[in-house]
Every structure is written in C-alpha cells, then in structure tokens.
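Structural features, examined
Each chain, written out:
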Amino acid sequence: MIQISNLKKTFNLSKKQMLANEDKVKFKTAVNNISFKVNDNEIFGLIGPNGAGKTTTLRCLATLIEPTEGSINVNGFEGHSQGESVRRELAFLTNELKLDTHFTPEYTTKFFGRLHDMPERLIDERMNHLFDYFGVTPFRHTKISDLSTGMKQKLSIVVSLIHNPNVIIFDEPTTGLDIITARAVTDYLKLLKNEGKTIIISTHMMHVAEKLCDRIAIIMDGDIKAMGTLDEIYALTGQDNLDDSFFQLYNNSGGVSNV
Amino acid sequence: MFKSLMIITKKELRRVFTDKRLVITSFVLPMLSIALIYSMMGYMIQRSQDDIEAHVSKVIGSSIPIAVIDMMDADESIEFIPGAFDKNTAKELILEETYDYYIYFDPEFEDKLMAFESGPLPVIEGAYSPKSDQSMNANYKMRTLLEEYRQTILAERIGDASYLQVYDLVTSSIEIPQENQGIDRGIANLVPMLVSIFIFAGAMSIGIDSIAGEKERGTIATMLLTPVDRGVIIGGKVISLSVVALISMVSSFIGVMISIPFSAGFLSASGAFEMSQMSLGGFDFLMFFISMIGLVGMYVTIISVLSMIANSVKEAGAYITPAYMMVMIAGFMNMFGSGTVSSMSYYIPIYNNLVNMQQVLLGDGDLGRVMISFVTSSVITIVLLSLSRNLMHKEKVMFPS
Ligand SMILES: Nc1ncnc2c1ncn2[C@@H]1O[C@H](COP(=O)(O)OP(=O)(O)OP(=O)(O)O)[C@@H](O)[C@H]1O
Ligand SMILES: [Mg+2]
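In this text, all values refer to a predicted model and were calculated from it rather than measured experimentally.

All right, on to the overall build of chain A then. The secondary structure content of chain A amounts to 10 helices and 10 strands. Against the 2.2 N^0.38 benchmark of 18 Å for 259 residues, chain A shows a C-alpha radius of gyration of 19 Å, consistent with a compact globule. Here the C-alpha coordinates of chain A stretch approximately 55 × 45 × 35 Å along the principal axes. Considering only intrachain contacts with a sequence separation of at least 6, the fraction spanning at least 24 residues in chain A is 68%. Taken as a whole, chain A presents about 11,800 Å² of accessible surface, with 49% of it coming from carbon and sulfur. When the 28 positive and 32 negative side-chain charges of chain A are each reduced to one mean point, those points stand 6 Å apart.

What follows is the structure, given as structure tokens:
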C-alpha cells in the first residue's frame, strides 16, 4: 500500500536553469500539493502532460529525491527516513535510469540481485523466470549494447523486478516500445496485480491507462485535477472517454502547463 | 556541395565556440598550462643552476703544490681548506657534504715534474661524491683549474713541445657505502615525478568514466534504487579506482626499472649506471611504497570528488585538468629542486611524498619523514572521501535535472 499526503517538491534552480526560464525565478515547484493512496491489488495511473510532475512524484516515492513537504508511506515505511526499507519494497522504472551497456543481461541481473541481498539460488530462479517471460533468455550472454531498444527496456523491467518487490512504480513503461512488446509489459503488470501487488504507472497514452488502470489521477502543473475510476472521471467531466476528459480538464485549468 | 560543406563547417565551429567549456579546455587551458609548466621548469632549472653556481666549492687535499693553492685562492668560487686529511677521512667528509672535493698530489709531484724528460709522469688524484650536485660541480671546476695549471707548466717548457704530457689526472667518484648507496642521482630525481604522473593519469581516465560517465549515462542512479547505502556505492568505486591506480603505480615503477639498462645513458647523472650498482633493500622499497600509497589515496579521492561535481565526462575533464597540472608542477619542483629540503616540505601534500621517494632512492630514506607524509596524505584522503560520501546525498549533484 502506498499513501502520499500533501507532497510538495520544489527544486532550487542552478544559475543556468534560472537563466533559461523567462521570469528568472530561483525555484521551480514541480509538485505542488499531491495526495493519493494506492491499494494492494490495484493499478493506479498518473496521467498528465509533459512537465506535469509525474516523474518528480515517482522519484520522491522511490526515495531518489527528498520531498520538500508532505509525507510518503510505503507498506508501513516512512519515505525518506526509512529509505533503505522502502527501496526493498519497490521496483522503480524510469527512462533516465540506465543499465551499463558494457555487461551482459545475466551479469547485470545477478549484480542487482546481489545488491538486494538475495541468495544466489533465488537470484537464478527469479532471473530464469523473468528472462523466459520477457524473452531475454536467448540474449542472456549478449552485451547489452548489442540489444535492441525493446530488449533493453525489457531487461530494465527484469532488473527492476528481480527482488520480487511488492510495490511497482513504472514511469512510462511502454513509451518507445512496439505494440507487441508494450502488450507483454502491460500483461505482466496485470499478472502482478493479480498476485496482490501495488502498482503505479505514469503515462501520457490514454488508451494504455484506459485498459490497464483501476484508478487514475490526472495531474497538471503539479496538482491533481481529477482522481477516481474511469467511470468516476467520465462522470466528473461529462465525457465518455479519457482523451476528451483530459482535454476538458486541461481547458478548465486554463490550458497552462509547464513543460 | 561546397555550400553544404560550409554549412556543416560553420555548425561545427559554432558548436565549439558557443560552448564556453570547450573553449576553455581546448584553447585557454592548454595555453596556460604549457606557459605555466614551461616557465616553472625553466625557473626551477635556473634556480638549481644558480644555487650550484653560487655555491663556493670547498676543497681539501694533501701535498698540493703552492702554485695550485694560489690558483684556488685566486678563484672566488673555490675555497681551499688547509689541513691534513688522509684519503679515507676526506672521502667520508665529502660524502657527508662537509666538503665538496678532495685532491691528492703525488708526494714527489714536483720532483717528477722537474724530471719530466726521463721519469714517469706524476699522478694527481681527485675525488668527488656522485650523490651531490655541489660536489660534481666542484669536480668540474677543479678539472678546469688543473687544465690551466697544465698550460702554465707547458709554457715554462717552451721548445720542448715533445713533452706535452705533464701529469696523469685520475678523478674518481667516491664509493658510497653499501647501506646508503641507493640508486643513481639522475634516476632518483626523475622516477618520483614519472611514477606520480602515471598514477594520476591512470586513475584519471578510469575515474572520470566510472563516476562522471556513470552519472551522465544514468547507470549510477539505477544503483541508488537498491537498499545499499550511497556511501557504500561511492566507496566501492573509490576502492576499485585505488586498485587501478596501484596497478598503474606498480607497472610504471617496473617500467622505469626495466628501462634502466637502456635509459641510464641519458638519465643517470654519471652516465654509467647499471642495475647491479643499485643497492636498495626491502625496507627501502617498503618506504617507497608507503609514499606511493599516500599519493594513490589523494589522487583517487581528488579525482572522485571532481568527477562527482561534474555532470558529464567533458565537464569532469575540465575540472581535473588543473589538478593534473598541479601534480605535474609538484613533480617538476621535486625533480629540479635544489636538493636541500626544508622540514616544512614534509607537510606539503603530494610534494612531500615525492621528496621522500627521491630520498629513499638516493639511499637516504627516513621512516619518520615517510610517516609524517603518509599521515598528512591519509588525513587529506579521509577528508575527501567523506566529502564524496556527502556529495552522494546531494540532490543537486546526483540529479542535476
Ligand atoms: N532537478 C530538477 N531541477 C529543476 N527542475 C526540474 C528538475 N526535475 C524536474 N524539473 C522540472 O519540474 C517539472 C516537472 O518535471 P517532471 O519530470 O516531473 O514532469 P513529467 O510529468 O514527468 O513530464 P514528462 O511527461 O515530460 O516526463 C518540469 O517543469 C521540469 O522541468
Ligand atoms: Mg517524466
């Protein structure tokens, strides 16, 4: 279970970043005031335009960066102060996190299994299962630099899941993947959900969210504009699909979004 | 085609000249560093030259003809110290650098000189210490002086041009006692600088890649997701870098040693050093390695901290270049240093290790001084290590955007 309350994240901008924005302010509030809860056995979707604050929210959740205000609780562990325990609970995937392309899938996966303190036998077991599921097995001894984009992404998913975490946070997991690979990923997420895992994904692909998520939060400019099941969101916006609901909310909020 | 060529050329030049960092690293820094290093070198060489020239050579000897004593007195750069010294005491005093040169004339020198038409040539012996620049310089001055002396004698023998030979001059470098013989002076001056530069260069290329490179490529962030403490991650990197630096340290040291049979001709001060003449014991090597390890610790942590602050490999290169220059300057200062080392030097980081290495090689290593330098280096290493650990927790450092 994940509980986020009044999360706020403000970045101090470097001189260069400061000069790059028009109003020359020293701070950038990427996430303003966000609260939501994700249950076990649930896939929760964060939907928002570029620069809405999705990745920032998820980075705070993964303890990579520290929230400016608010609290985060993951399966009973307090966000940053119990970072080590939180990280044991979760898998985090985002496109800025990369694997060293010098090594092979097998070595890389084992390396991360070991950092998670897993016994060798368990690592092998998990690795073989995940490699088989995602079709990495034939490439287990190929240098990562020689893998296709899709295969690299699948390997990243394998590595993030090696320790069989209870909480799965995937930031745009299907971006850049062809529909076959994308389907393999979404299918696996459904499988994990049915195992009772807590799952958050972020995406700007409405059809992915519609098909996959039990509940959705639409986030713009660092705030949640609407949250609930698909039906609840349709009811709120008076639309019958996520695309139109999204634009309805976007226009209502004045159409501003910081990119 | 020509138009496209121009468009591409312009874009490339624009790329370079609008990137402040590239301009600095490719144009400004090389210019400054070459200017700085060459001036430093020139200055240091000049200074040690001046030191040697300004030094008044102290000469001792026995049975010296009055004429030669007069010539020495007339030369302001030579001071003759009268006294009776037997050969062995004299040589010891020269090794201790109390005096610079010992000259010994055949007791029957003047008689033999007079009897030049019949008897054997009289002998002059000179002795200097190959460990001292001052002594070697005194040797050079005395040769010149004796040559002048020969000319005056020849002038007295006008008409007897067939007797051009006046005396036999035998100069020898003093045998240095086994326990502090060390290695040739020229080699001892050069090796610390070379080893130091190789250690830095070896750790630099790999350190930049493993820290700034991993940051740039996003692979270090993946590790931050594991339960492992961030300090442990940087710790592992520093240890592996140290191993790399230790290997390049050992290999560069071995490289220098292997080259001695071939390089001694131009490296060695006497021009004739052979490996068999080297007499460094296990304890000397231990002191040498302690000094090198001090360097390794500092270099690795300096490189780590600078690579962490940088957001890209390119940036790291720009930050580390000045540090590299400092390392080179410390090396040159040591190489061309005038030999006299003030006690303060043992507290100057980096330089102190170099001085110790040099002295160990000369057979004058001192464990106390080696340890002072080692402790100084360790303190700096630990400070930089904890700094890099703190940087790991800094959001601006780890996730600049
Ligand atoms: N380290 C940082 N320093 C300064 N500003 C930042 C930093 N990280 C993010 N931002 C800013 O915060 C805002 C939110 O960024 P974030 O990456 O969370 O958006 P996002 O919703 O993930 O967008 P996208 O769909 O493009 O990935 C953006 O305006 C971004 O420029
Ligand atoms: Mg994002």
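Picking up after the structure, the text goes on.
A word on the environment of Val243(B). Residues and elements named next belong to chain B. By the element assignment, Val-243 lies in helix 9 (residues 230–267). Look at Val-243 and you get partly exposed, because its relative accessible area is 42%. Remark: the alpha-carbon pair of Val-243 and Ala-203, spanning 40 residues in sequence, is separated by 9.1 Å.

Describing two packed helices takes the angle between their axes plus the distance from one axis to the other. Residues and elements named next belong to chain A. Two elements in contact, helix 5 (residues 120–134) and helix 6 (residues 149–161), have axes separated by 10 Å at closest approach and are oriented at 150°. Judged on the interaxial angle alone, helix 6 and helix 5 are roughly antiparallel. Considering the relative orientation of helix 5 and helix 6, their crossing is right-handed. Here Arg-126, Leu-130, Phe-131 and Phe-134 of helix 5 lie close against helix 6, whose contacting residues are Met-151, Lys-154, Leu-155, Ile-157, Val-158 and Leu-161.

The next thing to look at is the domain arrangement of chain B. Residues and elements named next belong to chain B. What the domain assignment lists for chain B is domain 1 (2–42 + 182–398) and domain 2 (56–164). When domain 1 packs against domain 2, close to 400 Å² is buried across both sides, 41% of that on carbon and sulfur atoms. On inspection of domain 1 and its partner domain 2, the count reaches 0 salt bridges. Put simply, domain 1 and domain 2 have 0 residue pairs in polar contact (both at pLDDT 80 or more) between them. Here the residues of the side of domain 1 that touches domain 2 are counted per class, giving 2 nonpolar, no polar and 2 charged.

As a further point, take the site of ligand 1. Residues in contact with ligand 1 amount to 18 residues; listed here are only the nearest, Gly51(A), Gly53(A), Lys54(A), Thr55(A) and Thr56(A). Of the chains in the model, those with residues near ligand 1 are chains A and B. One of the side-chain N or O atoms of Glu172(A) is found 3.5 Å from an oxygen atom in ligand 1. Across the complex, the protein chains shield 79% of the 630 Å² of accessible surface that ligand 1 would expose by itself. Among the elements of the structure, strand 2 (27–38) and helix 2 (54–61) of chain A are those that each provide at least two residues to the shell around ligand 1. The leading source of residues in the shell around ligand 1 is helix 2 of chain A, at 3 residues.

All names here are of chain A. What the rule picks out here adds up to 13 aromatic pairs over all chains. Ring geometry for Phe-246 against Tyr-250: centres 6.4 Å apart, planes inclined by 5°, an arrangement best described as stacked. Of this pair, Phe-246 and Tyr-250 both sit in helix 10 (residues 242–252), 4 residues apart, which is roughly one turn of that helix. Here Tyr-250 falls in the partly exposed class, since its relative accessible area comes to 24%. Each ring, one from Phe-247 and one from Tyr-250, has its centre 6.4 Å from the other, and the planes form 90°; the classification is edge-to-face. With a gap of 3 residues between them, Phe-247 and Tyr-250 both fall in helix 10, about one helical turn apart. Following the ring pairs from residue to residue traces out a cluster consisting of Phe-103, Tyr-107, Phe-111 and Phe-112.

A word on the interface of chain B and chain A. Interfaces are often sized by the amount of accessible area the parts lose when they come together. With 18 residues of chain B at the interface, the matching set in chain A holds 25 residues. For the pair chain B and chain A, the summed buried surface comes to about 1,900 Å²; carbon and sulfur atoms form 58% of the total. On the chain B side of the contact with chain A, Leu225(B), Pro227(B) and Glu395(B) bury the most area, a combined 35% of that side's loss. Across the contact surface, chain B and chain A share 1 salt bridge. When the shortest N-O distance is used, the salt bridge between Glu395(B) and Lys9(A) registers 2.6 Å. If you look at where chain B meets chain A, you find 8 residue pairs in polar contact (both at pLDDT 80 or more). Element by element, the count of residues in the side of chain B that touches chain A is highest for helix 8 (residues 219–224) of chain B, at 5 residues. In the side of chain B that touches chain A, the residues fall into 8 nonpolar, 5 polar and 5 charged.

Residues and elements named next belong to chain A. As a packed pair, helix 9 (residues 230–237) and helix 10 sit with axes 10 Å apart at the nearest point and diverge in direction by 50°. When the axes of helix 9 and helix 10 are compared, the pair comes out oblique. Our pair here, helix 9 against helix 10, has a crossing hand that is left-handed. Note on element contacts: helix 10 touches helix 9 through Leu-242, Ser-245, Gln-248 and Leu-249, opposite Leu-230, Ile-233, Tyr-234 and Thr-237. Of the residues that constitute the contact of helix 9 with helix 10, the class distribution is 5 nonpolar, 3 polar and no charged.

Take the nonpolar core next. Formed by 147 residues in total, the largest nonpolar core has its most connected members in Leu189(A) and Leu242(A). A total of 14 residues in this core trace back to one element, the largest contributor, which is helix 7 (residues 185–217) of chain B. In this structure, Leu242(A) is in contact with Ile47(A), Met206(A), Ala209(A), Glu210(A), Ile216(A), Ile218(A), Leu230(A), Ile233(A) and Tyr234(A), ignoring residues within four places of it in sequence. Ile69(B), Met71(B), Leu113(B) and Ile124(B) belong to the second-largest nonpolar core, a separate cluster that totals 22 residues.

Turning next to helix 6 of chain A. Residue and element names in this part refer to chain A. Its 13 residues give helix 6 an end-to-end C-alpha distance of 19 Å, which sits within 8% of 18 Å, the value for a rise of 1.5 Å per residue. Counting buried positions over the 13 residues of helix 6 gives 11, a clear majority of the element. Every buried residue of helix 6 is listed here: Gly-150, Met-151, Gln-153, Lys-154, Leu-155, Ser-156, Ile-157, Val-158, Val-159, Ser-160 and Leu-161. Elements in contact with the buried residues of helix 6: strand 6 (90–93), helix 4 (105–115), helix 5, strand 7 (167–171) and helix 7 (179–194).

Okay, the confidence of the model for chain B next. Per-chain confidence: chain B averages 81 in pLDDT, with 87% of residues scoring 70 or above. Scoring of the predicted complex yields 0.80 for pTM and 0.91 for ipTM.

Basis of the calculations
Residues numbered from 1 in each chain as written. Chains lettered and ligands numbered in written order. Predicted model: local features only at pLDDT ≥ 70, side-chain atom pairs only at ≥ 80, totals over all residues. Heavy atoms only, no water. Helix = DSSP H or I, 4+ residues; strand = E, 2+ residues; numbered from the N terminus. Rg over C-alpha atoms; globule rule 2.2 N^0.38 Å. Contact = heavy atoms within 4.5 Å. Areas by Shrake-Rupley, 256 points an atom, 1.4 Å probe, with all protein chains shown as cover. Lys, Arg positive; Asp, Glu negative; His and termini not counted. Charge placed at Lys NZ, Arg CZ, Asp CG, Glu CD. Buried < 20%, exposed > 50% of the residue type's maximum accessible area, 1.4 Å probe, protein only. Axes fitted to C-alpha atoms, helices over the stretch in contact; angles between N-to-C directions. Parallel < 35°, antiparallel > 145°, perpendicular 65-115°, else oblique. Left-handed = near helix turned anticlockwise from the far one by under 90°. Domains from an automatic or database assignment. Buried area = accessible area lost by both parts, 1.4 Å probe. Salt bridge = Lys/Arg side-chain N within 4 Å of Asp/Glu carboxyl O. Polar contact = N/O pair within 3.5 Å; in protein donor to acceptor, adjacent residues only side chain to side chain. Nonpolar A, V, L, I, M, F, W, Y, C, P; charged D, E, K, R; others polar. Near = heavy atom within 4 Å. Phe/Tyr/Trp six-rings, centres within 6.5 Å; stacked < 30°, edge-to-face > 60°. Core = buried A, V, L, I, M, F, W, Y, C linked by side-chain atoms within 4.5 Å. Expected span 1.5 Å × (residues − 1). pLDDT = per-residue confidence, 0-100.

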